[in-house]
Amino acid sequence: MDASQCILPKPPIVRRNYTVIPGEELILPAPCWRLGTPNLVWMYFFLGIGVPLFALFLINFKKIKNVCLLKIRKGFTCKRATADAETEEKAEIAEELNIEAPAVDRLEQLAQARANRSKLDIFLAEASSPQAPLGQVLMGIGVLCSAVSLSIYLVKVSSKVESLEICGTLPNAYQVIDLCANLYMLCFFVIRLAGSDRKQKVITSMFSVVDYFTIPSVVLGVILNRYFTGFAFFRAYNFQWLVEILAHRRILRSTNSVRLAKLIFLVFAIIIIAGGFLHVAENMGDPWLYDVDNVPLYNGQAIVFFRCFLYVYGRITLLDLSGMRMYTMLGRVIIYIFQILALGIVARAIPQIIERVKLKPDYDKKYTPSPMFLHIIVCGHVRASAMEAFLKEFYHPDRDISEFFKIVILSEEKPDEIMESLQERYFSRLDYLRGTVMSLKDLARVNLVEARAVLIIADRTAADTDAEDAANIMRVVSIKNYKDDAQVIVQITQYHNKAYLQNIPSWNPENGDICICLAELRLGLLAQSCLAPGFSTLMANFFTSRTYDPNKKFDEDWQRDYVQGTALELYCRPFGDAFVGMTFAQACEFCYRRLKIVLLAIQADPSDITSMPQINPLPTTIILPGTCGYFIAADTLEADRAQYYCPKCHVDVEDVQLIKKCSCRSLDDPDHDSLREDEESDELRKIAHQQSVLAKTVNKLNATAVESKIWSYICRYPATPSASLTNISKADAEAPPKEHVIPCPKNENNESMYDSTGMFHWVPLRTMGSATVNRKKAATATFKRHIVVCVLSQEKSQIIGLSSFIFPLRSSVIPAKELLDIVVLGDPKFLEKEWKYLYNLPGIYIVKGTALNRSDLRAVNLNSCTMCVILGAPNSAEKVADPSMLDKAVVLATLNVRAMRFSKDEGRLISGTDESDTTPDLPAKPLLQRQPALSTSKTVNSLQIPLDTRPSLTRKISQRPCPNRTSGYEVPIITDLVRDSNVMFLDEEDTDLPGTEFYMTQPYCCGRAFAASVLDLLMITSFFNPTLTKVIHTIIFGGASLELERIMAEGAGLIGGENISKPADVTNQVSVIQEEIREGSLSSHVGSAYGGLFVDALNSMGLVTLGLYRKLSPDSPKRYVICNPPESFPVQATDQIFALKRANWQWQPPLKQLQTAASSRNRIIDLDVRLLKDKLSTISQDVLNVQGQYENLIVDDDGAMVFRKRTTTGTSFTVPLVLSENGSIMIDDNSDPEGSDTDKNTVEEDIISLEHKLATMKRDVRAMENRYLRLIRGSFSK
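Predicted model only: the values in this text are computed from it and were never measured.

## Points about the overall build of the protein chain
Of the regular secondary structure elements, the protein chain holds 41 helices and 30 strands. Expressed as a percentage of the 1278 residues in the protein chain, the buried residues total 49%. Summarising the internal contacts of the protein chain: among those between residues at least 6 apart in sequence, 76% fall at separations of at least 24. Working note: accessible area of the protein chain is about 63100 Å², and carbon and sulfur atoms make up 56% of it.

## Some points on the sheet that holds strand β12 (residues 569–574)
Strand order in this open sheet of four strands is β12-β15-β13-β14, and the pairing throughout is antiparallel. The open sheet terminates on both sides in strands that have one partner only, identified here as β12 and β14 (614–615). Relative to strand β15 (residues 628–633), strand β13 (residues 598–603) runs antiparallel, the two sharing five bridges. From the neighbouring strand, I602 faces β15, where its bridge partner is G629. Against the sheet, helix α21 (residues 584–595) contacts β13 and β15, and its axis sits at roughly 145° relative to β13.

## Focus on the packing of α21 against helix α38 (residues 1090–1101)
Orientation of α21 relative to α38, taken along the N-to-C sense of each, is 175°, at an axis distance of 10 Å. Considered as vectors, α21 and α38 are oriented roughly antiparallel to each other. Judged by residue contacts, A585, C588, E589, Y592 and R593 of α21 engage Y1090, G1091, F1094, V1095, L1098 and N1099 from α38. For the contact of α21 with α38, the class distribution of residues is seven nonpolar, two polar and two charged.

## As for unusual backbone geometry
If you check the backbone angles, N225 has positive phi at about 55° while not being a glycine. Positionally, N225 belongs in the loop between α9 (206–223) and β4 (226–228). Under the relative-accessibility criterion, N225 is labelled partly exposed at 30%. In this structure, N616 takes a positive phi of about 45° despite not being glycine.

## Topic: the pairing of strand β6 (residues 374–380)
The buried fraction of β6 amounts to six of the seven residues, a majority that puts the element mostly inside the structure. Sheet topology places β6 next to strand β7 (residues 405–411); five bridges connect them, and they run parallel. Within the sheet, the bridge partner assigned to H375 lies in β7 and is K406. Note on the crossover from β6 through helix α14 (residues 384–394) to β7: the handedness is right-handed. Pairing of β6 with strand β9 (residues 454–457) involves four bridges; the strand directions are parallel. For I377, the partnering residue across the bridge sits in β9 and is V454.

## Quick word on the packing of helix α7 (residues 173–195) against α9
Axis separation between α7 and α9 bottoms out at 9 Å; the angle between their running directions is 135°. What the angle tells us is that α7 and α9 run oblique. The chirality of how α7 crosses α9 is left-handed. Residue-level inspection shows Q175, D178, L179, N182, L183, M185, L186, F189 and R192 of α7 in contact with α9, the latter providing F207, S208, D211, Y212, T214, I215, V218, V219, G221 and V222. Here the contact of α7 with α9 is composed, by residue class, of eleven nonpolar, five polar and three charged.

## Comments concerning helix α17 (residues 465–482)
When the terminal C-alpha atoms of α17 are compared, their 26 Å separation across 18 residues agrees well with the 26 Å that a helix rising 1.5 Å per residue should span. When we look at burial in α17, the residues that qualify are T465, E468, D469, N472, I473, R475, V476, S478, I479 and K480. Looking at the packing, one finds that the buried side of α17 touches β6, α16 (440–445), β9 and β10 (488–492). If you check the start of α17, you find a side-chain oxygen 3.3 Å away from the backbone N of D466, and it comes from D464.

## Quick notes on the pairing of strand β21 (residues 973–977)
The element β21 is largely enclosed, with a buried count of five among its five residues. Where strand β20 (residues 867–872) and β21 come together, three bridges link them in parallel fashion. In the sheet register, C868 faces β21, and the bridge partner there is I973.

## Remarks on the confidence of the model for the protein chain
Put simply, the protein chain has an average pLDDT of 75, and 68% of its residues get 70 or more. Averaged pLDDT values over the elements of the protein chain bottom out at 41 in helix α26 (residues 728–734) and peak at 94 in β9. Low pLDDT (under 50) marks residues 1271–1278, which in the prediction has 19 contacts with non-local residues, meaning those over four places away or in another chain.

Scoring rules and cut-offs
Residue indices follow the written sequence of each chain, beginning from 1 at its first position. Per-residue local features are limited, in this predicted model, to residues with pLDDT of at least 70; the limit for side-chain atom pairs, both in listing and counting, is 80 or more; totals at the level of whole chains, interfaces and linings are taken over all residues. Each side-chain value is derived from all of the structure's non-hydrogen atoms; neither hydrogens nor water enter the calculation. Secondary structure elements follow DSSP: runs of H or I no shorter than four residues count as helices, runs of E no shorter than two count as strands, and numbering proceeds from the N terminus. Accessible area is worked out with a 1.4 Å probe on protein chains only. A residue is then buried under 20% of its type maximum, exposed over 50%, and partly exposed in between. Throughout, a contact is declared for two residues whenever any of their heavy atoms are within 4.5 Å. For the area figures, the Shrake-Rupley method with a 1.4 Å probe applies, and any residue is considered shielded solely by the protein chains shown. Any two strands are treated as partners once DSSP identifies two or more bridges connecting them. Inter-axis angles, ranging from 0 to 180 degrees, are taken between N-to-C directions of lines fitted to C-alpha atoms, where helices are fitted over the stretch in contact. In what follows, roughly perpendicular refers to angles from 65 to 115 degrees, roughly parallel to angles under 35, roughly antiparallel to angles over 145, and oblique to any angle outside these ranges. Each residue is assigned to one of three groups, with Ala, Val, Leu, Ile, Met, Phe, Trp, Tyr, Cys and Pro labelled nonpolar, Asp, Glu, Lys and Arg labelled charged, and all others, Gly among them, labelled polar. Handedness rule for crossovers: strands pointing away from the viewer, path from the first strand over the helix to the second running clockwise, crossover right-handed. Should the near helix be turned anticlockwise from the far one by less than a right angle, the crossing is left-handed, and should it be turned clockwise, the crossing is right-handed. Here the expected length of a helix is defined as 1.5 Å per residue gap, with one fewer gap than residues. N or O atoms within 3.5 Å of each other form a polar contact, as long as, within protein, one can give a hydrogen and the other can take it, and as long as residues adjacent in sequence are counted only when both atoms are side-chain atoms. Scored from 0 to 100, pLDDT reflects the predictor's confidence in each residue.

So this is what it looks like as C-alpha cells:
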C-alpha cells in the first residue's frame, strides 16, 4: 500500500461570492452572507470582552487620576483646630465603648449609612444577596431563564445549519422567549450591580461575563431582525447559582456536598463552553482567508454541537467518540487553549470530584449491628501489631462465648496494610471505623447504645504517661456522658491517675466498669517475685490463654513441662448445688482429685461490690447457695465441671471429660428425696441473703467514716515533708556510720502500727533526708537479705509508681520482724517525686547512685540481697527513633550486674558475727532420719499416726542463711522491660532462637524478666470474667479494700496515727510463699506424685499450691516455672512450690477439724462413694503387703528389736535395730550383726522402702478417717 494514501486530504476551501441580484427574491429567513450583509459575530465577541474592561476603567478612573496627577489639598491649616476637637470627642467615645479610637469613625460611618438607607437601597441589598429570601427567589428565576436560553441553543445547534447567523427571522417564538429570558438576566445584572457594595467584583465576576456575551447578541438580533445562536452556551455557567441556593436553604448541609456540586457544575460548564467555541469556529471558518480577488474563502464545516462536545470530552478522557476532524485554524487554537485550561482547572477538579463522588470507604461508614453478634468497641491507642495478639487472645478456642462477639475498632487514623490484613483474616469478626470517642457523631456511628462494652487501650510507651492517662480518662467521660450505664474497661499507666476515675459520677464497678492500672499490676508482680522468685511468670500465665499440643516436639525437656502449664487460665464459675454445705478444704480437695481442676477462691456474691473474693479461706468456710468459685483449668469445659457436677448422674463416670450438664433435677427441687436437705438448703440461702444485706448496710453506715479519718489526719499532719534534699550532702558528710535498722514504731500497747485499713505497716511521715544514706554509710551498714531496687532515671523522667512495688512488701500479713529492708539505688532528685507516696512506709532506704556503676552496687551489698530489681523510668522529653532503645539503660544495668565479681572480704563483712549464716544451702537429711518413729506392732490399727503433730514450714526469708555469692550470675535479678523483644540482650548464656515468643524465652520462663506487654491481654480476661481482676489484685497485694481506693482518691496517701490506725486486718488477706520441698513437712513427698503433695499441703498446712519452681538441670542455678503440673507429675528434692497461705489460718488436727465442722448446722457432703471404695480396696492390699514385710520384724524376750532376713541361698540372718533420738529406726552399729556388708545394705534399702510405703499409708488412712466421719454422719448422697 502506498504511503501517500495514508495522508489525510486537505479540507475543502470554497468561495463565498454571493451578491444580491436586483429583482431576485430570497426565501427568508436566510443566511446573512447570502443577503450580502456582514456577520456580526466578531462584534458580539469583542463586545463581551470590551464591556467589562471599559467598566473597570470607569470604576478605577479616580484612582488612575490620583496616580497620574498630584492632588493639592487646600485649607488644611485652617481646619486643623476643628479636627483636633473632633479627635478629642471621638477619643472620649472610644473610651466609653472600650474600643480603639480609629474604630469610632468606622462605627459612626456605618451607623450614619444605615440610617440614611432608603427603601430602594434595602430592596436592592436583599435582592442581590443569596442569603435573603428575596435574593434566593430572584436567583432561582435567573437559573430558570438560563436553563431556557441554554435549551433553545441546544435545540438550534442539534442539527446542521448553513450559517450561525440568520437574517429575517422575525417573527420567531424561540427568539422571543430567548429575548424575554435575556431581558430578565439584564435586569438581574443591574440589581446585582446596584445592590452590591463591591461593584468591581460584580462587574468582573464570571456571571457578569456570561451576560456580556449573551445579552447583546439577543437584543441586537431582535432590533436588526436577525438571530445568532453562537454564545448562548455561556448560560451553562449560571447553574452555579443553583448550588448557592441549595446551600443557603440547607438542602446541601455538608461542606463536602456543596464543594462536590460546585465542581461538577464547573467541569460541566467548561466542557460546554469549550465545545460551544469550537462549534462556532468550525461553522464560521477562519475569517482571515480571502482569495486573490478579495473574495472571502470558507474552510469551515457544518457540524452539530454534540460532536464538538464529544470531541472536547475526548480531549479530557483520551476517549474520542466524536469521529470529528477540525478544518479551521481557529478551532485548533481553541482546543490548545482549552487543553491548557483543562490542565489548570479540569485536571484538578476531576480528582476532587472522584474523591467526593466515590462511595465512602468502609471505615467512614456507620456500623450496622448484626442480629447474630454482640459487638464491643475497642478504642484508644490501637495499633495493628498489638491488635493481632489481642484478636488471637479474644477468639482463643478456650473462650467458648467469644464467637458471639464482634470487635469494632474506633481509631482516629486510617487502617494501614497490617490492619487491613487483619480485617481479611477476621472478616466476620472485626470492623474498623475511623473516628474518636470524643465525638458524639462517631459514638452514634459505632452504635454505642447497643455495645456490650468499651475497651480503652493505653499507650505503654507514651512519652508523657500523665497526658496519656488524662486522654483515656476523658474518653471515659465522653462515653459515660453518651451512655451512663455503658461498661468501660480502661487501661491506666500510672497508679496515682487511677483516682480520677472515682470522680466520674457514672463510674460504677457494679456495672462492670474496670480500671486496669498497668504500673500497679506490673510493679506488684515484681514485688511478689522478690518474695517468691518466678511468681510474676506464674500469675501472668494464668490470665493468658494458650493451647498445649502434646504432639509438639521441643528442643529441651523442660520446655514441655513449662508449656503444659501455660495452657491453664483462671475461670469464674458458680458452684453446683452438689457443693452447697461443703467446706472450702473439702471442695478444693474434691475439685482436684475428682474434677481435675484447682479451686483457688470463693465469693459469696460476685455482683456485690462490697464483697471481696476470699482467697484460700479458712478450712471451715462453708459454701453457700449462689457462691462462685475461681478455678484454675485448661479450658472452659474443665471449669464447667464444678457447675454441672451431679452426684446422681456423674458418680459412676470415670472419664472426667464426660462430666457435663445433665437433665436431672437440682437439689432444691421440691420433689427431692430428702426433705431435710431442702430445708437446710433453704436455710443456707437465707443466711447468705442476710450476710449480703448486712454487708451493704454496714457499707452505707460507713459511707462517711473514711472522710472523717482523712479530716483527722490532715488536721494532725497539715503538710507533707518538703525540702528534703537540702541537707542531704551535709548530713552525709557529718553523720558517722551506724546500724541501718530502724524499728517499726509502736503504739501505746507496744504493738506495730498499721494504716487506717489495717492492710499495711505504717509509720508517721518521714522526710526523705532521714531515709537517704550515702555510699559509705550504705557499705558499712549490715544490709543482708534485703531487696535492692535500681531505678534508672534521667532529668525529665516521669514517676514510675514505686508505691505499688512497696505496698505488697509492707503488707500487714508479714510480721514486723520479718519485713525485708528495701534499698532504692537511684537519683534522689528523681526519687523525691516518688517520696510523697512512700513516706508513711517503714524500712525504705535511699542510696544515691546508679546501677551502671559497680561501686554503687557493691555499696548496697548486692551479693547478700534477696532480690535485685532493675526498673527504668521513661523520659518524657526524649524522642527515640528506634523503639528498641527504650530499654537500653535496664539492659546495660543487667549486664553490669552479671559481670560483677565479689571478694571474700565482702562476704565476711556481710556475715558478721553470724557464722551459721554463711552456709548457702542446707544439705538434705538422710532418708532414715526424715521419717517419724514406727510402731513395732504387726497390725495397721496399732500404728501410731501422729495426727496431732503440727506441720512446719521452712524458715522465713529473714531467717534463711545469708548467701555469700562470688559472681553476679549468682545474684537473683529481675529486669523490667518496656519492649519484650529486648529480652534477647539480657543473658548471653540463654539459648533462645531469634523470633522466639516472649513467653517462651528463658529469662521469662525463669522469672528473671518481665514486660508490661503481658498485661495488655488482661483486659480480655476482665471482659469475660470481670471479677477476676479482684482476685488477681487480692493475690498480688495481699488483699483488696474499697476504703483504700477511696483514701487514695482523696490524695492523702496512706493515713494512720492515733484513733486512725487499725489493728492488722488479715481477715481476707493471703500471702504468697515459696517453700523448699526437701525441708519441712513436705519432704516426705520427694519422689512421689504432685497430687499427693497438693492434698497434703491443703489439709495439713492450709496451702493452695499453684505450681513448682524447678531447676533447668540438676547442675543449673536457673529455675523455671511449672504452673499446676498434672496429678501424677513426679516431685524432685530440689523443687520449690508456689502456694497461697491464709494469713489467719490456724492449724488443727484433722479429727478435731472435722468434729468442729460436724457441730455446725450445715451438712458435709462427700460426692464420690465409688472413689472411696476403690481407695479402701487399694489400702487394704497395701496393708497386707506391708504386714507380710513386718513379719520379718521380731522382738526378742528382752525387748531388743532385730530384723530377720532370708538370703538367696536359703540361710537367714538377723540385724540388730535401735531407735534414734528422733524416733527413726537405724542399724545398731555397736553390735556385731550377722551377714556381710552387702546384706547390711540390703536391710537398709528394705527399711527405707518400708518407711516410704508407711508414709503413704499414713496419708491415705488420714484421708480415710475424714471420709469415715462423714459416712458416720450419713451425709453421702444417694
